[in-house]
Each structure stands twice: as structure tokens, then as C-alpha cells.
Amino acid sequence: MANKIRVATTSLAGCFGCHMSFLDLDERLVALAEHVEFDRSPITDIEHCSNCDIGLIEGGVCNSENVHTLREFRKNCKILVAVGACAINGGLPAMRNFIPLEECLSEAYLDGIGVENPQIPSDIELPLLLDKVRPIHEVVKIDYYLPGCPPSADVFWKFLTDLLEGREPELDYELVHFD
Ligand code: SF4
């Protein structure tokens, strides 16, 4: 493998399952660490993404903060990757797209079972929800897609080692699944 590459990762409207699957690389993480440095990521303490070779994005876009983060990644990452079903097509969270946002908020904060002190949070610190959950390619240009919910550790391994070794990433048939 050639030089160290800089990788940033984030979870937008994701469940962190794609990150957990990445960690399923287990001992291969040690090998990877020799060739990869991590920038902004849930596994580092770096708050903002600086210049990176690869940005791995888990999750779709469900609120204003997601849009902001995604744009920051696009600006700073040479290669931006949609990781998992949520980033690719909105995933399971996009099921809320069939229900008006007001109804979702009412169910969660006003009349849902077990709600106490009903009120819709409105603090200025909170990001505003978008009317729909969007796949990330609707907001910025995406270079690669890693399918799966989540993609397996083998998918991450094949994709990253292909890039590290200067090959165009290619997933074998058995690595491609959407569930
Ligand atoms: S694709 Fe699946 S595992 Fe990944 S963030 Fe979405 S729900 Fe979680």
C-alpha cells in the first residue's frame, strides 16, 4: 500500500450501525491504521472536517444540521462516499416521508403514548427538521455508494484497500446487498 490517506466519517440521520460495521473490521483495523489517519469522525475528537482524501457518510439528511455537515464534508473531501441504505436512498427513516411532519411531531411530543409535559421542542439550539428525509446525493455530489444496511466489514475493506492500492474500487457480486 502507498501513502497514508486521511479519512473523515460522520453519521447524519443514521443509527451508527454503519460505523459499527466498520469497526467489525476487527484486527484489520490495525492493518488499516498503518495506512489511514482519521479526521473528523465519531471515533475521534475532531470537531470539523479539514482536507481529507475520503469522507464516509452514514445516514440520510433529516435536519438542517445534517445539510451543514454534509456540505462541510463535500467541501473538504476529495472522494465522498454514501455508506449504507440511509445515505443512499434515505433508508428506513425515510418511511416518515409518508406522514406529514406535524403529525410526526405531534405523535412524538404531544399526543403519543407516555408523553408527559407535552410541548414541541423549539429551542434555537435545535436543528430544524426537514419536511422529508433525503438521500445525500440530493444535496451534494457523491462519488461512490456502499450498499447494505449496513454494508459488511468486507465491503469497507475491499473499498478502502482498492483505493489505497490505487485501483478503481469494485465490489464483488457477493459483497453487494441492500439489506
Ligand atoms: S444503513 Fe442501516 S445500519 Fe446504516 S445507518 Fe442506516 S439503518 Fe443504520
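Since this is a predicted model, take the numbers as computed values, not measurements.

S.K.: Mind showing me how you'd approach the sheet that holds strand E5 (residues 77-83) here?
M.R.: Working definition: the strands of a sheet are paired by backbone hydrogen bonds and lie parallel or antiparallel to each other. The 5 strands are arranged E2-E1-E3-E5-E7 in an open sheet whose pairing can be described as parallel. Edge positions in the sheet fall to strand E2 (36-38) and strand E7 (144-146), since each has one partner strand and no second. Looking at each pair of strands side by side, their axes are set apart by 30 degrees on average, direction ignored. Here E5 runs beside E7; their pairing, made up of 3 bridges, is parallel. Its bridge partner lying in E7, Val83 is registered against Leu146.

S.K.: I'm lost on the pattern of salt bridges in this one. Help?
M.R.: Note that side chains of opposite charge can pair when their charged atoms are close. Counted by the stated rule, this structure contains 12 salt bridges. The residue Asp131 makes a salt bridge to Arg134 at a minimum N-O spacing of 3.5 Å. Owing to a relative accessible area of 48%, Asp131 belongs among the partly exposed residues under this scheme. Within this structure, Lys158, Asp162, Glu165 and Arg167 form a network of salt bridges that share partners.

S.K.: Explanation requested: the site of the ligand in the structure shown.
M.R.: Around the ligand lies a shell formed by Gly14, Cys15, Gly17, Cys18, Glu58, Gly84, Ala85, Cys86, Gly148, Cys149 and Pro150. For the shell around the ligand, the secondary structure elements donating two or more residues are helix H1 (17-23) and helix H4 (84-89). In terms of residue count, H4 provides more of the shell around the ligand than any other element does, 3 residues in total. Here the residues of the shell around the ligand are counted per class, giving 6 nonpolar, 4 polar and 1 charged.

S.K.: What is the right way to read the nonpolar core from this model?
M.R.: Side chains of a nonpolar character, in soluble globular proteins, are inclined to be buried together. Membership of the largest hydrophobic core comes to 21 residues, with the highest contact counts inside it found for Leu32, Ile54, Leu56, Val81, Val83, Leu146 and Phe159. It is helix H6 (residues 153-164) that provides the largest number of residues to this core, a total of 7 residues. Here Leu32 is in contact with Phe22, Leu25, Trp157, Leu160 and Leu164, once residues within four sequence places are set aside. With 17 residues, the next largest nonpolar core counts Leu12, Ile57, Val67 and Ile142 among its residues.

S.K.: I would appreciate a short explanation of the pairing of strand E3 (residues 52-58) in the present structure.
M.R.: Of all 7 residues in E3, 6 are buried; the element is thus mostly enclosed. Bridge analysis of E3 against E5 gives 6 bridges, and the strand direction is parallel. Within E5, the position partnered with Gly55 by the bridge is Leu80.

S.K.: Is there a simple way to think about the packing of aromatic side chains in this case?
M.R.: Each aromatic ring pair is characterised by the separation of its centres together with the angle its planes make. Scanning the entire structure with this criterion turns up 3 aromatic pairs. Considering the side-chain rings of Tyr144 and Phe159, the 5.4 Å spacing of their centres and the 70 degrees angle between planes classify their relative orientation as edge-to-face. Note that Tyr144 is positioned in strand E7 and Phe159 in helix H6, a separation of 15 residues in sequence. Per residue, the accessibility class of Tyr144 equals that of Phe159, and both read buried.

S.K.: I keep staring at a nonpolar patch on the surface and nothing clicks. Help me out?
M.R.: Taken together, the side chains of Leu92, Met95, Phe98 and Ile99 define a hydrophobic patch exposed on the protein surface, amounting to about 510 Å² of accessible area. Mapped onto the fold, Phe98 is located in the loop between H4 and helix H5 (101-109).

S.K.: Explain the layout of surface pockets here, please?
M.R.: By rolling a water-sized probe across the atoms, one finds the places where empty space is left. The volume enclosed by the largest pocket comes to roughly 260 Å³. At 3 residues, the largest contribution of residues to the lining of the largest pocket is made by H5. Residues that form the lining of the largest pocket fall into these classes: 9 nonpolar, 2 polar and 1 charged.

S.K.: Sorry, what's going on with the environment of Ile113 here?
M.R.: As for its placement among the helices and strands, Ile113 is situated in the loop between H5 and strand E6 (129-134). Separated by 28 residues in sequence, Ile113 and Ala85 have C-alpha atoms that sit 29 Å apart.

Cut-offs applied
- Residues numbered from 1 in each chain as written.
- Predicted model: local features only at pLDDT ≥ 70, side-chain atom pairs only at ≥ 80, totals over all residues.
- Heavy atoms only, no water.
- Pairing = 2+ DSSP bridges.
- Helix = DSSP H or I, 4+ residues; strand = E, 2+ residues; numbered from the N terminus.
- Axes fitted to C-alpha atoms, helices over the stretch in contact; angles between N-to-C directions.
- Salt bridge = Lys/Arg side-chain N within 4 Å of Asp/Glu carboxyl O.
- Buried < 20%, exposed > 50% of the residue type's maximum accessible area, 1.4 Å probe, protein only.
- Near = heavy atom within 4 Å.
- Nonpolar A, V, L, I, M, F, W, Y, C, P; charged D, E, K, R; others polar.
- Core = buried A, V, L, I, M, F, W, Y, C linked by side-chain atoms within 4.5 Å.
- Contact = heavy atoms within 4.5 Å.
- Phe/Tyr/Trp six-rings, centres within 6.5 Å; stacked < 30°, edge-to-face > 60°.
- Patch = residues over 30% accessible without salt bridge, like charges linked within 9 Å, V, L, I, M, F, W, Y side chains within 5 Å.
- Areas by Shrake-Rupley, 256 points an atom, 1.4 Å probe, with all protein chains shown as cover.
- 1 Å grid on protein atoms, 1.4 Å probe; cavity = no way out; pocket = protein on both sides within 12 Å on 5 of 7 lines; lining within 4 Å.
- Points joined across faces, edges and corners; volume = space filled by probe spheres on them.

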